Amino acid sequence: MKHKFIRIISPLTLAFVILLDLAAIAFGVFAVKKVISELNAAVIFFAVVEVFALIIGILVTREVLKNGIIFYDDEFEFNGTDSENVFSYSEISEVETYLDTSPSLRKNFWERHALLIITANDDKVTTLDIGLTTKNTVNKIKKELEIRVGKDKVK
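Worth saying up front: this structure is predicted, and the values here are computed from it rather than measured.

Parameters at a glance
- Residues numbered from 1 in each chain as written.
- Predicted model: local features only at pLDDT ≥ 70, side-chain atom pairs only at ≥ 80, totals over all residues.
- Heavy atoms only, no water.
- Helix = DSSP H or I, 4+ residues; strand = E, 2+ residues; numbered from the N terminus.
- Buried < 20%, exposed > 50% of the residue type's maximum accessible area, 1.4 Å probe, protein only.
- Polar contact = N/O pair within 3.5 Å; in protein donor to acceptor, adjacent residues only side chain to side chain.
- Contact = heavy atoms within 4.5 Å.
- Pairing = 2+ DSSP bridges.
- Axes fitted to C-alpha atoms, helices over the stretch in contact; angles between N-to-C directions.
- Salt bridge = Lys/Arg side-chain N within 4 Å of Asp/Glu carboxyl O.

J.: I would appreciate a short explanation of the side chain of Thr 61 in the present structure.
T.: Relative to the helices and strands, Thr 61 is located in helix α2 (residues 41-66). Residue classification places Thr 61 among the buried residues on the basis of a relative accessible area of 16%. Here the side chain of Thr 61 touches Gly 57 through a polar contact of 2.8 Å, landing on its backbone oxygen. Setting aside residues no more than four positions away along its own chain, Thr 61 makes contact with Val 17 and Asp 21.

This is the structure in structure tokens:
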């Protein structure tokens with residue numbers, strides 16, 4: 001089988017990151033216009049801060065867009081965490097996916113996060129919080145796990 005990457009990003013997060021990037025670009029245009037029209041210490045300081053804001057915006061956008069799950073031939077990796085993020089298919093006894101879809105105005109954002117609950121053959125349970133994501137993305141992950149781990153092991 002070939003490698004497959006499923007990007008995990010919520011539409012809300014994507015809209016927020018795009019909005020912040022557009023704001024940084026707009027302030028960048030404003031800073032360039034100010035530098036052209038009047039050159040003083042305050043304007044130069046504003047332009048330097050704007051350069052840093054653009055760099056941070058690029059790095060945040062890149063980080064948000066690269067998070068996901070990579071399915072390899074014999075294991076899968078959740079690249080949104082730093083440690084214990086690689087799971088071998090042969091060592092998994094059960095995988096459960098969870099996504100809260102019940103309507104409620106009382107729940108917080110963290111209660112809406114999608115989860116992958118992985119039980120290893122040695123009964124070690126690992127919960128991966130994949131964040132605010134769509135039901136379609138969770139179904140794609142579930143379908144890929146059914147293919148690679150086995151339908152009987154995925155709930």
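J.: Explain the sheet that holds strand β7 (residues 125-131) to me, please; I cannot follow it from the model alone.
T.: Strand pairing in a sheet relies on backbone hydrogen bonds. The paired strands run either parallel or antiparallel. Taken in spatial order, the three strands make up an open sheet running β5-β6-β7, and their pairing is antiparallel. Each edge of the open sheet carries a strand with a single partner, namely β5 (92-98) and β7. Taking the axes of each pair of neighbouring strands and ignoring which way they run, one obtains an average angle of 15° across the sheet. Two elements, strand β6 (residues 114-120) and β7, share six bridges in a ladder whose sense is antiparallel. The residue bridging Ile 118 from the neighbouring strand is Thr 126, located in β7.

J.: Help me understand the pattern of salt bridges, please; the structure alone is not making it clear to me.
T.: If the charged atoms of two oppositely charged side chains come close together, the side chains can form a pair. As enumerated under the stated definition, the model contains five salt bridges in all. A salt bridge links Glu 94 to Lys 155; the nearest nitrogen and oxygen atoms lie 3.1 Å apart. Placement of Glu 94 in strand β5 and of Lys 155 in the segment after α3 (135-148) is noted, with a sequence separation of 61 residues between them. Judged by its relative accessible area of 26%, Glu 94 is partly exposed.

J.: It is not clear to me how the sheet that holds strand β1 (residues 4-7) should be interpreted in this structure. Could you clarify?
T.: Spatial ordering of the open sheet is given by β1-β2-β3-β4, a layout of four strands whose pairing is antiparallel. Only two strands of the sheet have a single partner each, and these edge strands are β1 and β4 (86-88). Neighbour-to-neighbour, the strand axes of this sheet turn through a mean angle of 15°, independent of strand direction. Relative to β4, strand β3 (residues 75-78) runs antiparallel, the two sharing three bridges. Bridging from a neighbouring strand, Glu 75 pairs with Ser 88 of β4. Seen against the sheet, α3 touches β1, β2 (68-71) and β3 and runs at an angle of roughly 155° to β1.

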